[in-house]
Amino acid sequence: MASNYTEVFQDPTAVEKYAERTYAPGTFSSIVSNRQAGWLRGFVPNAFGRPPTHHDFACGTGRVSRMLAGLVAVSHGYDTSEAMLRKGRELGTPGHAHLVEPGLAVPETDPGRPALVTAFRFVLNVDVHLRDQLMDFASMALPDAEAGLLLVENHGNATSLRHLRRTFGRLDTSTWFQELSHEEMRDLFARHGFDLVGVQGFTLFTQGCYRGPWGVLSKAVDGALASPMSKWATDVVYIARRR
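Below is a summary of the structure that appears in this document. (Residues numbered from 1 in each chain as written. Predicted model: local features only at pLDDT ≥ 70, side-chain atom pairs only at ≥ 80, totals over all residues. Heavy atoms only, no water.)

**Focus on the overall build of the protein chain**
Okay, so step 1: Scanning the protein chain from terminus to terminus reveals nine helices and seven strands.
Okay, so step 2: Projected onto its principal axes, the C-alpha positions of the protein chain cover 50 × 40 × 35 Å.
Okay, so step 3: Considering the protein chain as a whole, with its 243 residues, one finds that 51% of them fall into the buried category.
Okay, so step 4: Look at the contacts in the protein chain between residues 6 or more apart in sequence, and 73% of them connect residues 24 or more apart.
Okay, so step 5: Accessible surface, the protein chain as shown: approximately 11,500 Å² in total, 54% of it carbon and sulfur.
Okay, so step 6: Side-chain charges in the protein chain split into 25 positive and 25 negative, and the spacing between the mean points of these groups amounts to 6 Å. (Helix = DSSP H or I, 4+ residues; strand = E, 2+ residues; numbered from the N terminus. Buried < 20%, exposed > 50% of the residue type's maximum accessible area, 1.4 Å probe, protein only. Contact = heavy atoms within 4.5 Å. Areas by Shrake-Rupley, 256 points an atom, 1.4 Å probe, with all protein chains shown as cover. Lys, Arg positive; Asp, Glu negative; His and termini not counted. Charge placed at Lys NZ, Arg CZ, Asp CG, Glu CD.)

**Quick look at the environment of Leu 142**
Okay, so step 1: Here Leu 142 is to be found in the loop between helix H6 (128-141) and strand E5 (148-154).
Okay, so step 2: Using a relative accessible area of 0% as the deciding quantity, one classes Leu 142 as buried.
Okay, so step 3: For the pair Leu 142 and Pro 45, spaced 97 residues apart in sequence, the C-alpha separation works out to 18 Å.

**Considering the nonpolar core**
Okay, so step 1: Formed by 54 residues in total, the largest nonpolar core has its most connected members in Leu 40, Leu 150, Leu 151 and Phe 189.
Okay, so step 2: Secondary structure elements with two or more residues in this core: helix H3 (28-47), helix H4 (63-67), strand E4 (115-119), H6, E5, helix H8 (182-191), strand E6 (194-203) and strand E7 (235-242).
Okay, so step 3: When residues in this core are grouped by element, the largest group, eight residues, is from H3.
Okay, so step 4: The contacts of Leu 150, once residues within four sequence positions are left out, are Val 117, Met 135, Ala 138, Leu 142, Phe 189, Phe 194, Tyr 238, Ile 239 and Ala 240.
Okay, so step 5: Counting residues in hydrophobic clusters, the runner-up holds seven residues, among them Phe 9, Ala 14, Tyr 18 and Ala 83. (Core = buried A, V, L, I, M, F, W, Y, C linked by side-chain atoms within 4.5 Å.)

**A closer look at H6**
Okay, so step 1: The end-to-end C-alpha distance of H6 is 20 Å, a good match for the 20 Å that 14 residues give at a rise of 1.5 Å each.
Okay, so step 2: Regarding H6, its N-cap is Asp 127, as a side-chain oxygen of that residue lies 3.2 Å from the backbone nitrogen of His 129 further along. (Expected span 1.5 Å × (residues − 1). Polar contact = N/O pair within 3.5 Å; in protein donor to acceptor, adjacent residues only side chain to side chain.)

**Quick look at the sheet that holds E7**
Okay, so step 1: Taken in spatial order, the seven strands of this open sheet run E3-E2-E1-E4-E5-E7-E6, and their pairing is mixed. Two strands close off the open sheet at either side, each with one partner strand: strand E3 (96-99) and E6. Neighbour to neighbour, the strand axes of the sheet diverge by 20° on average, direction disregarded.
Okay, so step 2: In this sheet, E7 lies alongside E6 in antiparallel orientation, the contact comprising eight bridges. Within E7, the residue paired with Val 199 across the bridge is Tyr 238.
Okay, so step 3: Contacts between H3 and the sheet are confined to E4, E5, E6 and E7, with E6 contributing the most and set at about 135° to the helix. (Pairing = 2+ DSSP bridges. Axes fitted to C-alpha atoms, helices over the stretch in contact; angles between N-to-C directions.)

Here it is in structure tokens:
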């Protein structure tokens, strides 16, 4: 993990690369993102009796808010990078973008409406202190078990094929290669008064498996088995509720 991770995306060039290359059509990240969008668009209407207020922590360009367009009452995105938020506006992200100072994000709550808090592509790349900031934010938005749900993505599940790369491959720390286990995520939730109530997987394979002759097979297997084998998925989203 880079120690300056939160500063990287202050650079408009890094933001442009992230938005236009990492999530270019047909890339591994865009394929996984499309699966997430399909799942979210089925999950949210079933999980909430009426459209919730959406709070996206470390929202970046607003990818999750765009996934949820039309399914939530309003989206609020919170990020420390003006460059990310500006790119989000260019991409047509709905809702309200809030530029915040590190550790000072406060959710724009609506007491009369349930809340959905999301944090995608965040916890894996930051330290424990920043993970605690996320959970403090979620606790403000979700004061009790009836307030709504928290969805947190872990795109480096330790109980997955990704772990084999760490075990047998060449580990280059400059690529921020990190892992988080289900137990570590459960402990994070528990320390802040949340219970893990579900796990949804989106890919069993890593980015390298989507390239070369194995690419077509990897995509097909992921499409069929990533959800039923969520515990062993490389990319997972945890569903948590306040105690």
